[in-house]
Amino acid sequence: MKISVIMATYNSQNTIGAAIESFLAQKYPKKELIVVDGASEDDTLTIVKQFQSPLIRLYSELDKGIYDAMNKGLRQVSGDAFGCLNSDDCYARTDALSLIARALEGADLVSGRLHFVREHDGSAPVRIWQPTKHYSGAHARGFSLPHPTTYARSAVLDRVGTFSTEYRSASDYDWLLRALELEGFSHTVIEEALVNMRIGGESTAGLKAILQNSRELLSIRRDRLGSGLIDAALFLNLIKKLRQRAGV
């Protein structure tokens, strides 16, 4: 099974080197990294090119945001499975892709534990997200998955299609809801940490970002599941995120 990893980037000179190194350090041999750059104005492209690896494919042009960039990456996927690694994140272990490939032998999608960190310096995570296995109707009860540690077979992409560009930080939630709730693909979990995610992005910058993200999740459930103006999942999802931040 070949795994395609998509990395959307823009002006990421301070972090992309470590992210790529963590990909190249993966012991799993059947892999490719698709770097989709939004016409960076710093040294991002120079850093990517310096690796001179046949495992890396680089594309650079203006885009309309991170989900537009990810969609460009999805169209370049040549593997049997795929996932995304942010340009400021790193794999938490050198056998992450091996664990993913093994789990995908028995399921269409797989998710592993995500560690939120301030820096990639080996310090303890400030927030931990251990996903649970999806069941039918779970999204109406506050279910969500960590996108950076969720990988899918390419057959899922063929049916679900690309990310919506309507949302600022929740299009990955929308995509996974479509795959699991609407299309009925199977899902399993890995108990080990797969990715260290550096906090500070659109959905992790602080309480304000979490609230904005929660509003987008509610809007998606209204559109996809017919939820009301307010639903139980809104509060259950917020409680889960706050408990993660508290380390409960």
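A brief structural summary. (Residues numbered from 1 in each chain as written. Predicted model: local features only at pLDDT ≥ 70, side-chain atom pairs only at ≥ 80, totals over all residues. Heavy atoms only, no water.)

### Here we look at the nonpolar core
In this structure, Ile3, Val5, Leu33, Tyr91, Leu97, Ile100 and Tyr151 are the most contacted members of the largest nonpolar core, which totals 32 residues. Considering every element that reaches this core, the biggest residue donor is helix α4 (residues 96–103), with six residues. If near-sequence neighbours (up to four positions away) are discounted, Tyr151 is found in contact with Ile3, Val5, Phe82, Gly83, Cys84, Tyr91, Leu97, Ile100, Leu104, Asp108, Leu109 and Val110. Counting residues in each nonpolar core, the second largest holds 25 residues, with Ile6, Val77, Val160 and Leu180 among its members. (Core = buried A, V, L, I, M, F, W, Y, C linked by side-chain atoms within 4.5 Å. Buried < 20%, exposed > 50% of the residue type's maximum accessible area, 1.4 Å probe, protein only. Helix = DSSP H or I, 4+ residues; strand = E, 2+ residues; numbered from the N terminus. Contact = heavy atoms within 4.5 Å.)

### A short note on the environment of Val156
Positionally, Val156 belongs in helix α5 (residues 154–160). Put simply, Val156 and Leu109 are 47 residues apart on the chain and 8.2 Å apart in space, counted from C-alpha to C-alpha. In this structure Val156 touches Asp108, Leu109, Gly161, Trp175, Ala179 and Phe185, once residues within four positions along its chain are discounted.

### Quick notes on helix α6 (residues 171–182)
Burial of α6 is extensive: 11 of the 12 residues sit out of reach of the surface. Those residues of α6 that sit buried are Ser171, Asp172, Tyr173, Asp174, Trp175, Leu176, Leu177, Arg178, Ala179, Leu180 and Glu181. Phi turns positive one or two residues past the end of α6, at Gly184, with a value near 75°.

### Examining the side chain of Lys72
Mapped onto the elements, Lys72 comes out in helix α3 (residues 66–74). For Lys72, a relative accessible area of 17% puts it in the buried group. When neighbours within four sequence positions are excluded, Lys72 is seen to be in contact with Val36, Glu61, Leu62 and Asp63.

### Here's the deal with α4
Most of α4 is tucked away, with seven of its eight residues classed as buried. The complete set of buried residues in α4 reads Ala96, Leu97, Ser98, Leu99, Ile100, Ala101 and Ala103.

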